[in-house]
Amino acid sequence: MTDRVADARFAESSLLRLDLNVIDALVALLDEQNLTNAAAVVGTSQPAMSATLTKLRQYFGDELLVRIGREFRPTSFARQLLPAARAASVLIRQVLELDAAFDPLTEDRVFRVAASDYAVAALHEPLTTLLRARGCTVTIEFVDMFAGLADGTEALLECDAVVSPLGMGVQGNHTVLYRDRIVGVVDRDNRFLHNGTVDAESYQQMPTIGIRFPGSSTTVVDRWIDDTGPDHRPVVEVLGGLASLYAVSRSDALALVPERVARRAAKTGRFVVIPPPYPLLDLHEALHWHPVRDLDPAHSWLRSTVAAAVVQDEVASSI
């Protein structure tokens, strides 16, 4: 048996003719690359998993996993088959559950939403308030951003949704949640601050706090600086956006952050919000998800609920 030349259409059509349990076994085999571990993932025995691998090899006409020394390695066809297999698993489950009504007042489902700490700071309170007011029993769990979101839609299957600004390369479907803009935040005792503002000359002298997020080597602010050309590169970097506020506190440094978070920080009395002396960057914060989740009524509820929480928060803030 030789390696099959990868063909996306062949892979997808072949997968949809398989039983869901077999697809789950295939995903486990290609993820774990170990018969014993794959068997444990799907809850079967090692001999049964070995037999399944033999059948899958015959079905696809490809070795899928080849032994190198004591370990298995996926073939090129298997590596390209894995994303389609994961998507097929999600799609088939959703089709099987189409007739099942989703009730957020009785379900105990946990939705995982990847987001930066900035997005969590903006969404957590209004979302929690809305869920409590409606008496929902579901859980929305925020998790760290992770790598691979700009490489294709496969990464979106690792969670239910991702909150990220447009223009950062996140794939899949999306809906815009709110607009924001980047502003400067300084400590109230910053020596460059005079009458609640900083002039252009002083602004260029201020040390800047840079920000990095898990799974990403660049931020929307980095791209803004590259596009607009202001000579104001970070001199210190911290992991996570909210950490930049701690770095700014009781210093002469500047942090460039979304205005929603900046305004919340300013309410503590410790920080002052200042506009940068060049055109402000507009952000379009969006909720992204894998297209196969469009069929899931529970996911439709998740999207509408997050959007509703944002609207209610904006209404409350305007009063």
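Being a predicted model, the structure only gives us computed values, none of them experimental. (Residues numbered from 1 in each chain as written. Predicted model: local features only at pLDDT ≥ 70, side-chain atom pairs only at ≥ 80, totals over all residues. Heavy atoms only, no water.)

Our next topic: the environment of V42. You can see V42 is positioned in helix α3 (residues 35-42). Taking the C-alpha atoms as reference, V42 lies 9.7 Å from V27; in sequence the two are 15 residues apart. Contacts of V42, omitting those with residues within four sequence positions, involve D24, A25, A28 and M49. (Helix = DSSP H or I, 4+ residues; strand = E, 2+ residues; numbered from the N terminus. Contact = heavy atoms within 4.5 Å.)

Once that is clear, we can look at helix α10 (residues 259-266). Along α10, the residues that are buried comprise E259, V261, A262 and A265. Buried residues of α10, seen end-on, are gathered within an arc of 160° and therefore sit on one face of the element. Residues of α10 that are buried in the fold lie against α6 (117-134), β6 (173-187), α9 (243-248), β9 (254-258) and β10 (271-274). (Buried < 20%, exposed > 50% of the residue type's maximum accessible area, 1.4 Å probe, protein only. Arc of directions from axis to C-beta.)

Moving on, we come to the pattern of salt bridges. Scanning the entire structure with this criterion turns up 15 salt bridges. Between E71 and R73 there is a salt bridge whose closest N-O contact spans 2.6 Å. A relative accessible area of 37% places R73 in the partly exposed class. Between R109 and D296 there is a salt bridge whose closest N-O contact spans 3.1 Å. (Salt bridge = Lys/Arg side-chain N within 4 Å of Asp/Glu carboxyl O.)

Once that is clear, we can look at the pairing of strand β4 (residues 139-143). Note: strand β3 (residues 110-115) against β4, 5 bridges, orientation parallel. Of the residues in β4, the one forming a bridge with A114 is V143. (Pairing = 2+ DSSP bridges.)

This part takes up the side chain of T305. On the secondary structure map, T305 appears in helix α11 (residues 297-318). In terms of polar contacts, T305 uses its side chain to reach the backbone carbonyl oxygen of W301, at 2.7 Å. Not counting residues up to four positions away in its chain, the partners in contact with T305 are L127, L130, L131 and R134. (Polar contact = N/O pair within 3.5 Å; in protein donor to acceptor, adjacent residues only side chain to side chain.)

Across the protein, the average pLDDT comes to 82, with 84% of residues at or above 70. Ranking the helices and strands of the protein by mean pLDDT puts β4 first, with 94, and helix α8 (residues 220-228) last, with 57. (pLDDT = per-residue confidence, 0-100.)

To continue, consider unusual backbone geometry. One non-glycine residue, Q33, adopts positive backbone phi at about 55°. Along the chain, the position of Q33 falls in the loop between α2 (20-32) and α3. Taking relative accessible area as the criterion, Q33 reaches 25% and is therefore assigned partly exposed.

As a further point, take the pairing of strand β2 (residues 71-74). Going residue by residue along β2, you find F72 and P74 tucked away on one face and E71 and R73 left uncovered on the opposite face. In terms of strand pairing, strand β1 (residues 65-68) meets β2 through 4 bridges, oriented antiparallel. Counterpart to L65 in the pairing with β2 is P74. Taking the residues between adjacent antiparallel strands as the criterion, β1 and β2 are bridged by 2 residues, where G69 takes a positive phi near 70°.

One pass over the structure, following the stated rule, counts 5 aromatic pairs. Ring geometry for F102 against W301: centres 5.6 Å apart, planes inclined by 55°, an arrangement best described as tilted. Taken together, the residues span a long stretch of sequence, with F102 in the loop between α5 (76-96) and β3 and W301 in helix α11 at a distance of 199 residues. Taken as a pair, F102 and W301 share a single burial class, namely buried. (Phe/Tyr/Trp six-rings, centres within 6.5 Å; stacked < 30°, edge-to-face > 60°.)

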